[in-house]
Amino acid sequence: DPQIVTYFGTYGEYIVPMLTDSALRVLDANPRTTLVLLGEGGPKFRERLLAGRPEHGTSIAAPGYLDSEAVSLHLQASDVALLPFIDGASTRRTTLMAALSNGVATVTTIGQFTEPLWVEAEAVELAPVGDAEGIASRVTALLNDDVRRQQLSARARALYDERFAVERTLGALVGASVVAPAGASA
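Reference entry: report on the structure contained in this document. (Residues numbered from 1 in each chain as written. Predicted model: local features only at pLDDT ≥ 70, side-chain atom pairs only at ≥ 80, totals over all residues. Heavy atoms only, no water.)

Next up on the list: the overall build of the chain. In terms of regular secondary structure, the chain is built from 8 helices and 6 strands. Taken from the N to the C terminus, the helices and strands of the chain come in the order β-α-β-α-β-α-β-α-β-α-β-α-α-α. Relative to its 186 residues, the chain shows a buried fraction of 45%. Looking at the chain alone, contacts between residues at least 24 apart form 70% of all its contacts between residues at least 6 apart. (Helix = DSSP H or I, 4+ residues; strand = E, 2+ residues; numbered from the N terminus. Buried < 20%, exposed > 50% of the residue type's maximum accessible area, 1.4 Å probe, protein only. Contact = heavy atoms within 4.5 Å.)

What follows covers the packing of helix α4 (residues 94-101) against helix α7 (residues 146-163). Between two packed helices, the angle of one axis relative to the other and the distance separating the axes together describe the packing. Closest axis-to-axis distance for the α4/α7 pair is 7 Å, and the angle between their directions is 110°. It follows from the interaxial angle that α4 and α7 lie roughly perpendicular. Facing M97, L100 and S101 of α4, the residues of α7 in contact are A156, R157, L159 and Y160. (Axes fitted to C-alpha atoms, helices over the stretch in contact; angles between N-to-C directions. Parallel < 35°, antiparallel > 145°, perpendicular 65-115°, else oblique.)

What follows covers the packing of helix α1 (residues 16-29) against helix α2 (residues 42-52). Viewed as axis vectors pointing N to C, α1 and α2 meet at an angle of 60°, and their least axial separation amounts to 11 Å. Comparing their axes, α2 and α1 come out oblique. For the pair α1 and α2, the crossing hand works out as right-handed. Together, V16, L19, T20 and L24 of α1 and F45, R48 and L49 of α2 make up the contact between the two elements. Classifying every residue of the contact of α1 with α2 by side-chain character gives 5 nonpolar, 1 polar and 1 charged. (Left-handed = near helix turned anticlockwise from the far one by under 90°. Nonpolar A, V, L, I, M, F, W, Y, C, P; charged D, E, K, R; others polar.)

Time to look at the sheet that holds strand β5 (residues 106-110). Overall, parallel pairing links the 6 strands, which are arranged β3-β2-β1-β4-β5-β6 in an open sheet. Looking at the sheet topology across the chains shown, the edges are occupied by β3 (60-64) and β6 (125-128). The average angle at which neighbouring strand axes cross in this sheet is 30°, direction not considered. As judged from the 3 bridges shared by strand β2 (residues 33-38) and β3, these two strands associate in the parallel manner. Following the sheet pairing, L38 is matched in β3 by G64. Packing of α2 onto the sheet brings it into contact with β2 and β3, and relative to β3 it is tilted by some 155°. Where helix α6 (residues 132-143) meets the sheet, it contacts β1 (3-8), β2, β4 (80-83), β5 and β6, and its direction lies at approximately 160° from that of β6. (Pairing = 2+ DSSP bridges.)

On to helix α3 (residues 68-76). Of the positions making up α3, those classed as buried are V71, S72 and L75. Considered in projection along α3, the buried side chains sweep an arc of 100° and stay on one side of the axis. Facing away from the buried side of α3 by over 90 degrees, the exposed positions are E69 and L73. In this structure, the buried side of α3 is in contact with β1, β2 and α4. N-capping of α3 is provided by D67, with a side-chain oxygen placed 3.2 Å from the backbone N of E69. (Arc of directions from axis to C-beta. Polar contact = N/O pair within 3.5 Å; in protein donor to acceptor, adjacent residues only side chain to side chain.)

This paragraph deals with the pattern of salt bridges. If charged atoms from side chains of opposite charge come close, those side chains can pair. This structure, assessed with the given rule, holds 9 salt bridges. In this structure, a network of salt bridges that share partners links the residues D21, R25 and E133. (Salt bridge = Lys/Arg side-chain N within 4 Å of Asp/Glu carboxyl O.)

Note that T140 resides in helix α6. With a relative accessible area of 16%, T140 lands in the buried category. In the structure, T140 is positioned 115 residues away from R25 in sequence and 9.2 Å away in space, judged by C-alpha atoms. Aside from chain neighbours lying at most four places away, what touches T140 is A29 and N30.

In this section: the nonpolar core. Counting residues in hydrophobic clusters, the biggest one holds 52 residues, and the most contacted among them are V5, L35, L37, L83, L100, W118 and V139. When residues no more than four places from it in sequence are discounted, the contact partners of L35 are V5, A23, L27, L49, S59, I60 and A61. (Core = buried A, V, L, I, M, F, W, Y, C linked by side-chain atoms within 4.5 Å.)

Backbone geometry places Y11, a non-glycine residue, at a positive phi of 60°. Relative accessible area serves as the criterion here: at 10%, Y11 is assigned to the buried category. For E122, which is not glycine, the phi torsion reads 50° and is therefore positive.

Printed below as a string of structure tokens:
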């Protein structure tokens, strides 16, 4: 069976070098792997990768723009999400949060803006920003370890449900709205 590694993002100029190096290392080390490039920039990035490495032509898919339901289905079909960020993992990253909410075992980066939550929760694999070899080796290790991948997937989903699910957010907002302002009587 082929294994699916998915990147979901914008393909911005700062991420492309690290993503290129990491993705090609993953493909080189894992011949059964298909790399799925989600997001509008995916097709153009696929062309860029294949210009230098045409042997990966059948191993890289880029469906282009998809609605949120289709993105969710693609993420759920993934074995591992490859989500490097130049400044580290953060709850501000919607693509990272999408991977968590869909229970995808994820490899991302630790950098200057990585919140302590990511280290403490152990819900993602972390590699230093700029360490393409470390990123790729963590992806490969997960592809080769079904138990670890399933554990990480379960932790990702649990973290999302416990901290970020809509029910939690609404509960926090509703709870905050019933708190009387300082100096006011209840």
